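Read off the chains here:
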Amino acid sequence: QMAAYRAIVPDHVPVVPVPFPFCRHFEKNRRRAGHDIDVFFSGTQTRHRKMVVELLKQRFQVCEGIFFPDYLRREFVARSKTCLSLRQSANWQYPSPMRYWYYLNHGCCVVAESSPQKCQLDNYVISASVEHLPDVIEELARTDLWQRVARETFERYSAEYPCLPAAEEFLDRTFGK
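The text that follows walks through the structure, step by step, so that each part is easy to find. (Residues numbered from 1 in each chain as written. Predicted model: local features only at pLDDT ≥ 70, side-chain atom pairs only at ≥ 80, totals over all residues. Heavy atoms only, no water.)

**Looking at the overall build of the chain**
Along the chain, the regular secondary structure elements total 7 helices and 5 strands. Helices (α) and strands (β) of the chain occur, in sequence order from the N terminus, as α-β-α-β-α-β-α-β-β-α-α-α. Here the chain, with 177 residues, has 47% of them falling under the buried criterion. Of the contacts formed within the chain by residues at least 6 apart in sequence, a portion of 70% connects residues at least 24 apart. Looking at the chain as shown, the accessible area adds up to about 9800 Å², and 56% of this sits on carbon and sulfur atoms. (Helix = DSSP H or I, 4+ residues; strand = E, 2+ residues; numbered from the N terminus. Buried < 20%, exposed > 50% of the residue type's maximum accessible area, 1.4 Å probe, protein only. Contact = heavy atoms within 4.5 Å. Areas by Shrake-Rupley, 256 points an atom, 1.4 Å probe, with all protein chains shown as cover.)

Written out as structure tokens, the structure is:
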């Protein structure tokens, strides 16, 4: 993804990767029992995203919206079996690492629409084309597979992507211990 940004930014402007590490501060918001939502999606409602969400609503219990107050977003995420990341349009080239980061830190089973460009968190999400998303979600949500995927992915992500000491200190000051 960095090469694509460097190609469009003037040479004198630095382009640096932003880390998306595991942050222990989200622990109190993690998963709980009672998962009555098959698919959660939060984001700008573009024509492409609306089409995909409507397709999924034909088979699943979907919770979707544009902007949720933080307490509601955390509530819906905690109740969801899968959390979805969709491209802004069919031609959109990039994944959404910030969305991945949020869901991964909450211990979610993250399902993403495949993107031509890659990001550092791709190894922690399940990617599929729009055509295959319903079948992927079906396999996850209709069985206990989503729980195993969420647990194993969270364990791997938190071990492989620990928060940097400086970021940890910043978060301690921001959110308190």
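**Thoughts on empty space enclosed by the protein**
Enumeration according to the criterion identifies 1 cavity of 30 Å³ or more in this entry. For the lining of the largest cavity, a count of residues per class yields 2 nonpolar, 4 polar and 3 charged. (1 Å grid on protein atoms, 1.4 Å probe; cavity = no way out; pocket = protein on both sides within 12 Å on 5 of 7 lines; lining within 4 Å. Points joined across faces, edges and corners; volume = space filled by probe spheres on them. Nonpolar A, V, L, I, M, F, W, Y, C, P; charged D, E, K, R; others polar.)

**Structural notes on helix α4 (residues 97-105)**
Burial runs high along α4: 8 of the 9 residues are buried. Those residues of α4 that fall on the buried side of the exposure criterion are Pro97, Arg99, Tyr100, Trp101, Tyr102, Tyr103, Leu104 and Asn105. In this structure, the buried side of α4 is in contact with β1 (37-42), α2 (47-57), α3 (70-79), β3 (80-85), β4 (110-113) and α6 (145-160). Positioned one or two residues after α4, Gly107 has a phi angle of 70°, which is positive.

**What to know about the state of the cysteines**
Taken as a whole and assessed by the stated rule, the structure comprises 0 disulfides. Cys83 takes part in no disulfide bond, and the closest cysteine sulfur, belonging to Cys108, lies 3.7 Å away. For Cys109, which is in no disulfide, the shortest distance to another cysteine sulfur is to Cys83 and amounts to 8.3 Å. (Disulfide = S-S within 2.5 Å.)

**Re the sheet that holds β4**
The strand order across the open sheet formed by 5 strands is β2-β1-β3-β4-β5, and the pairing between neighbours is parallel. Every interior strand has two partners, whereas the edge strands, β2 (62-65) and β5 (126-128), have only one. Strand-to-strand twist of the sheet, defined as the mean angle between neighbouring strand axes without regard to direction, takes the value 25°. Looking at chain direction, β1 and β3 are connected through 3 bridges and run parallel. Within β3, the position partnered with Phe40 by the bridge is Cys83. (Pairing = 2+ DSSP bridges. Axes fitted to C-alpha atoms, helices over the stretch in contact; angles between N-to-C directions.)

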